[in-house]
Amino acid sequence: MKTLIDSVALLSGLTRPEVIAIAEKAPRTYRKYDIPKKKTGHRRISHPAKETKLLQYAVIDLLLAKMPVHHAAVGFIPGLKSPLKENATRHAKNAFMLRADFKDFFPSIRPTDFYAALAAAPGNLGLEITTADKEFLKKVLFVKDHDGSLGLPIGAPTSPIVSNVVMIELDREIQALSERHDTTYTRYADDLVFSTSTKDISATVLNELNELLAATAIPNLQLNHDKTHFMSRNCRRAVTGLVITPS
């Protein structure tokens, strides 16, 4: 069975030493700039160089596309043609809605989170993931934040897929929480939506969600409470930019 690095070299038409050399300098090849957020603050965008992106697309094809993702995730799913519509449609019949948002979602996801997802993945990935491969993945998929910690770059084609892969176990836990209260749960990247036909249950779901996140170390995420919204049919209900009209 080929290692990941050898498979990337074969797919990209490079030699193993060339792949390793590109990966070694990959964290330093991003073009970084800030864009203003809708309300306050800025978001750091990191666009990888062409050579780095070549390796990232190879990793998508060889590894990330084969790893499981929870059905609650509707963003960046191969074959799903209208993810925004799908996200809104799942909640359209329910009268009450809770919308929450993870704080600094991509930068909060660490290499150790991804390694845990790799270890838990089924054994049919068709690759041998060695210690060298893990170091390769860390350099190709992650960048340093301003505090020196490694997180997913906003702007790399791999980051949304890695986040879905990393989130699978937490998505399962959130799904179980949602089912206990007879609500519908979906997640589009860092945007979480719960909907229900039962009045006043959303606050309970939010409290339990905060408790779950506080008890979860992999990944270590928090909600952005400034972007938490409770909605009903009496007000404008928007899910990932699509407005749900009253029925």
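Scroll up to find the structure.
Residues numbered from 1 in each chain as written. Predicted model: local features only at pLDDT ≥ 70, side-chain atom pairs only at ≥ 80, totals over all residues. Heavy atoms only, no water.

Q: Please provide a residue-by-residue account of helix α1 (residues 4-12), values included.
A: Within α1, the full set of buried residues consists of Leu4, Ile5, Ser7, Val8, Ala9 and Ser12. Looking at the buried side of α1, the elements it contacts are α2 (16-25), α3 (50-62) and α7 (131-141). At the C-terminal side of α1, Gly13 shows a positive phi close to 75°. (Buried < 20%, exposed > 50% of the residue type's maximum accessible area, 1.4 Å probe, protein only. Helix = DSSP H or I, 4+ residues; strand = E, 2+ residues; numbered from the N terminus. Contact = heavy atoms within 4.5 Å.)

Q: Tell me about the side chain of Lys139, and name the residues and values.
A: Summarising the element assignment, Lys139 is placed in helix α7. By relative accessible area, Lys139 is classed as buried at 19%. Setting aside anything within four residues of it in sequence, one finds Lys139 in contact with Ala23, Glu24, Ala26 and Pro27.

Q: So what's going on with the layout of surface pockets? Residues and values would help.
A: Taken as a whole, the second largest pocket spans an internal volume of roughly 240 Å³. Ala120, Val166, Ile168, Glu169 and Leu170 are, among the 18 residues lining the second largest pocket, the residues nearest its centre. Going through the elements one at a time, α6 (111-120), α8 (159-166) and α9 (168-180) are the ones with two or more residues in the lining of the second largest pocket. It is α9 that contributes the most residues to the lining of the second largest pocket, 5 residues altogether. Counted by class, the lining of the second largest pocket contains 13 nonpolar, 1 polar and 4 charged residues. (1 Å grid on protein atoms, 1.4 Å probe; cavity = no way out; pocket = protein on both sides within 12 Å on 5 of 7 lines; lining within 4 Å. Points joined across faces, edges and corners; volume = space filled by probe spheres on them. Nonpolar A, V, L, I, M, F, W, Y, C, P; charged D, E, K, R; others polar.)

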